[in-house]
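Listed here are the chains, written in short residue letters.
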Amino acid sequence: MIESTKEPGLDSLDLMINMGPQHPSTHGVFRLVIGVDGERIVRAEPHIGYLHRGSEKLCEAEDYAQIVTLFDRMDYIANLNSELGYALAVEKLMALEIPERAEYIRVILCELNRIASHMLFYGVYGLDVGAMTPVLYGFRERERIQALFESVTGARMMHNYIRIGGVKEDLPDDFDARMKALVSQLELGIEECDRLLTDNEMFLARTKGIGSIGPTDAIDFGVTGPSLRASGVAEDVRISEPYGLYDRFDFGIPVGTNGDCWDRYYVRVEEMRQSLVIIEQAMAQMEPGPIMAKVRRITRPPKGEVYMRTESPRGDLGVFIVSDGSDRPYRLKVRAPSFANLQGLKHMLRDAYVADAVVILGSIDIVLGEVDR
Amino acid sequence: MSIQDFGLYSAAAAGLFAFLLVTVLILTWLERKALARIQMRMGPMRVGFHGVLQPIADAIKLVVKEDILPTSADRRVYWLAPLAVFVPSIMLWVTIPVGQDLVLRNLELGLFYITAISVLSVMGLVMAGWGSANKYAFLGGLRAAGQLVSYEIPFIMAILGVAMMSQSLDLTVIVADQSTIANILIQPLGFFIFLLAGLAELGRTPFDIHHAESEVVGGPFVEYSGAHWAVFFLAEYINTFTIAALTVLLFFGGWGWPDMPFDGVAHSALSAVWFLAKTYAVILLMFWFRGTYPRLRIDQLMAFGWQGLVPLSFLNIVITGVANFYGWHWLALTGMSVGVLAITFYVIKRQPGTSAERMTVSVIRAGDLRSAPPTGGEGQQSAEPVPSAPRPDGGS
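All figures in this text were calculated on a predicted structure; none of them were measured in a lab.

Draft legend 1. How the structure looks around a nonpolar patch on the surface. On the surface, Leu-25, Phe-49, Val-52, Leu-53, Ile-56, Ile-60, Val-63 and Val-64 of chain B cluster together into a nonpolar patch covering about 770 Å² of accessible area. Of the residues forming the nonpolar patch, the biggest block, four residues, is contributed by helix H2 (residues 54-64) of chain B.

Draft legend 2. Inspection of the interface of chain B and chain A at higher detail. Counting residues at the interface gives 52 residues for chain B and 66 residues for chain A. The largest contributions to the chain B side of the interface with chain A come from Pro-294, Arg-297 and Arg-370 of chain B, which together make up 12% of the buried area. In this assembly, chain B and chain A are joined by three salt bridges. Put simply, Arg-143 of chain B and Glu-39 of chain A hold a salt bridge, and the shortest N to O gap is 2.5 Å.

Draft legend 3. Here's a closer look at the sheet that holds strand S9 (residues 329-335) of chain A. All names here are of chain A. Judged by pairing direction, the sheet is antiparallel, and its three strands sit side by side in the order S7-S8-S9 without closing on themselves. Among the strands making up the open sheet, the edge pair consists of strand S7 (304-312) and S9. Ignoring strand direction, the axes of neighbouring strands in this sheet form an average angle of 15°. Here S7 pairs with strand S8 (residues 315-323) via nine bridges, running antiparallel. Each residue of the ladder has a partner; that of Val-306, found in S8, is Ile-321.

Draft legend 4. Spotlight on the packing of aromatic side chains. Here the structure, examined in full by the defined rule, presents 34 aromatic pairs over all chains. For the ring pair Phe-203 of chain A and Tyr-265 of chain A, a centre distance of 4.8 Å and an interplane angle of 70° mean the geometry is edge-to-face. Of this pair, Phe-203 of chain A sits in helix H7 (residues 201-207) while Tyr-265 of chain A sits in helix H11 (residues 261-285), placing them 62 residues apart in sequence. Residue Tyr-265 of chain A is classed as buried on the basis of its relative accessible area of 0%. Aromatic side chains Phe-221 of chain B and Phe-232 of chain B sit 4.5 Å apart centroid to centroid with 35° between the ring planes, which places their arrangement in the tilted category.

Draft legend 5. Fine view of helix H4 (residues 100-128) of chain A. Residue and element names in this part refer to chain A. In this model H4 runs 42 Å from its N-terminal to its C-terminal C-alpha over 29 residues, within 8% of the 42 Å that 1.5 Å per residue would give. Taking burial as the measure, the 29 residues of H4 include 26 buried ones, the bulk of the element. Within two residues after H4, Gly-130 carries a phi angle of roughly 100°, on the positive side.

Draft legend 6. Highlighting the nonpolar core. Tyr-86, Leu-112, Tyr-265 and Ile-321 of chain A are the most contacted members of the largest nonpolar core, which totals 123 residues. Ranked by residue count, the leading element in this core is H4 of chain A, at 14 residues. Those residues in contact with Tyr-86 of chain A, other than ones at most four positions away along the chain, are Tyr-64, Ile-67, Val-68, Phe-71, Ile-164, Val-319, Ile-321 and Leu-332 of chain A. In this structure, Leu-27, Ala-34, Leu-125 and Val-175 of chain B belong to the second largest nonpolar core, which totals 87 residues.

Draft legend 7. Representation of the side chain of Glu-111 of chain A. Residues and elements named next belong to chain A. As for its placement among the helices and strands, Glu-111 is situated in helix H4. On the basis of relative accessible area, Glu-111 is assigned to the buried category, the value being 0%. Contact partners of Glu-111, with chain neighbours within four places excluded, come to Arg-238, Tyr-246, Ser-275, Ile-278 and Ile-279.

Draft legend 8. Geometry of the pairing of strand S6 (residues 252-255) of chain A. A two-sided burial pattern is seen for S6 of chain A, the buried positions comprising Gly-252 and Pro-254 of chain A on one face and Ile-253 and Val-255 of chain A on the other. Of the strand pairs in this sheet, S6 of chain A and strand S1 (residues 362-365) of chain B are connected by four bridges, and their pairing is antiparallel. Each bridged residue has a counterpart across the sheet, and for Val-255 of chain A the counterpart in S1 of chain B is Ser-362 of chain B.

Draft legend 9. Spatial organisation of the sheet that holds strand S2 (residues 31-37) of chain A. Residue and element names in this part refer to chain A. Taken together, the three strands give an open sheet; going across it, the order is S1-S2-S3, and neighbouring strands pair in antiparallel fashion. The open sheet has two free edges, formed respectively by strand S1 (15-19) and strand S3 (40-47), since each of these has just one partner strand. Going across the sheet, the axis of each strand differs from the next one's by a mean of 20°, ignoring polarity. Pairing between S2 and S3: seven bridges, direction antiparallel. Each residue of the ladder has a partner; that of Asp-37, found in S3, is Arg-40.

Definitions and limits used
- Residues numbered from 1 in each chain as written.
- Chains lettered and ligands numbered in written order.
- Predicted model: local features only at pLDDT ≥ 70, side-chain atom pairs only at ≥ 80, totals over all residues.
- Heavy atoms only, no water.
- Patch = residues over 30% accessible without salt bridge, like charges linked within 9 Å, V, L, I, M, F, W, Y side chains within 5 Å.
- Areas by Shrake-Rupley, 256 points an atom, 1.4 Å probe, with all protein chains shown as cover.
- Salt bridge = Lys/Arg side-chain N within 4 Å of Asp/Glu carboxyl O.
- Helix = DSSP H or I, 4+ residues; strand = E, 2+ residues; numbered from the N terminus.
- Contact = heavy atoms within 4.5 Å.
- Buried area = accessible area lost by both parts, 1.4 Å probe.
- Pairing = 2+ DSSP bridges.
- Axes fitted to C-alpha atoms, helices over the stretch in contact; angles between N-to-C directions.
- Phe/Tyr/Trp six-rings, centres within 6.5 Å; stacked < 30°, edge-to-face > 60°.
- Buried < 20%, exposed > 50% of the residue type's maximum accessible area, 1.4 Å probe, protein only.
- Expected span 1.5 Å × (residues − 1).
- Core = buried A, V, L, I, M, F, W, Y, C linked by side-chain atoms within 4.5 Å.

As structure tokens, this is what we get:
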């Protein structure tokens, strides 16, 4: 660590730098005001809200079926996981029984979306540390997944596919064959990405021991998902509070030790492999059947409130709904994992350099659409 | 100087300038194509056959683009900075030969001249950073100053090693001296130092710290646009070409290893082609680095420079001096050089621990977690192990 560069007895100010809202490495319109002494960060103040669209308030004006589209636009990197969190919350409120095939389709597509999301993370994380090739490798794999999504849901990103009570449409006829090809391609792709970046000396130098956060601190800040697991806490909603069919699959939870940037990075790489394991099991178990439960055209959940947790690629996605018995929610609140994870940023940024700020922010993997909502 | 001489030199200088401009056009195209290959893309394909005319289209675009002067910029410093970077990069080529007898003006102290002039471009970068009145540019300018000044030492030391072998600072003599054995075989350590220090001087990946897009958004050049930005760009590519050419001249025997057949004009032409082929090979190596490596942090770069390359470059001088003084066979020097390099690589490789030690992420089976649910019923409480608590599979 470099000593302070300030001359004793000289009255000097820190240089204040505005990183964002327009900065290539803030992953959207995030603004980080940092005070630097030379290259060292002495103060950091995150500012959010540049992408606030009032989604939660908007939900009160839409009926239950329409709200799915708003959830698509919250976590716009993992749309299906976002949709799933909402659909499960409403279904829990209505105590709906979902057809098994629909559950399998949800699991397969959501795990695929998790891989796509982590692939995007992998790519832009490469850019953050200054390597320009990973982003193209990551996007190649993500593109393959999106091509499959397009054939299933009709859209590459804003799917509006998961409905209350099931899914919009059954899988296309050639899905099995395409999925098999995709899984083997992704297996190769993940290995290739892993080899390109993970064990590189310079990448290790940039990420090992940088921005570490201990398990107790991480829990206190409300950090969840891969970022929490990197700190050594084996917590995953898919296991601690299983939803859907997750208790039927045998898969692994990657857990880190140091809670530094490298651990956060590698937990995600490992999670991609585990998602493939889940997908293969689900594909083998899935059988034909109905894809929608018997629901009315207009959803009117009973009076009451519900809180549903799901494991999105970014962490613990919670949806809280208060229903007054009408066709619109009285109040809807989202516990966005990116928002909560961002709270740990200031703690991770202590004693960091300017270049580390970018690496640390990238390692939390925020999606501003979800942070600001 | 007679009027004919003046005319001759002017024509030669104009020819050199044109040669460098064309080289830059080729390099930009080559870099985009090489990176595209690494990244499984096609690169530019639209303008001309496989995009060969793309650099020309880019040049036209840059020249007709609006030149922006930030309101709070220091006008004179801001406009002078591109020239302060560009002029030294051209001046270097006065004494760099591109083939047998193909040099504008061969200086006996050529290497001395080159090291002296190449330092000047730092000033331009600092001027650009300061004159832009932009914090990113300022930070980038200061980074450039720190980086370029510290890597100047190993850079010059590596050159010195070669000069000691040939007992000359004249590039043509150094090339002639390598006609049987190129310096790369005698001083692999010197080559290693020279290439790394050269990359740092250029600010190319993995040392592209002063214009890191993800941190300082282009560094000193962030406010420049249009023709002035193009001048910086020209200077960067000319410098890349310069370092590659110097690498070839100092370590790969220039045009002379192995010696080209024929004499007279045919020999000169053939030697130029051979020299350029080697130079482009070195440049492709640099592009390969760019497509593969992440960027170091400024303090790591400084530590690597002062704690790694500077002592190594002194060691290189010492072993070269000892071998020369006692008149040992060149293989003795090669052996010592390779030995030092091997030790260095081992130390670097060992530094953050072995691969197994680095692996801090372990996978816990879902079954283990389900069968032994942690204390507490639900939510966050279920995930409260003390930091030191052993994890189910005990992975490290």
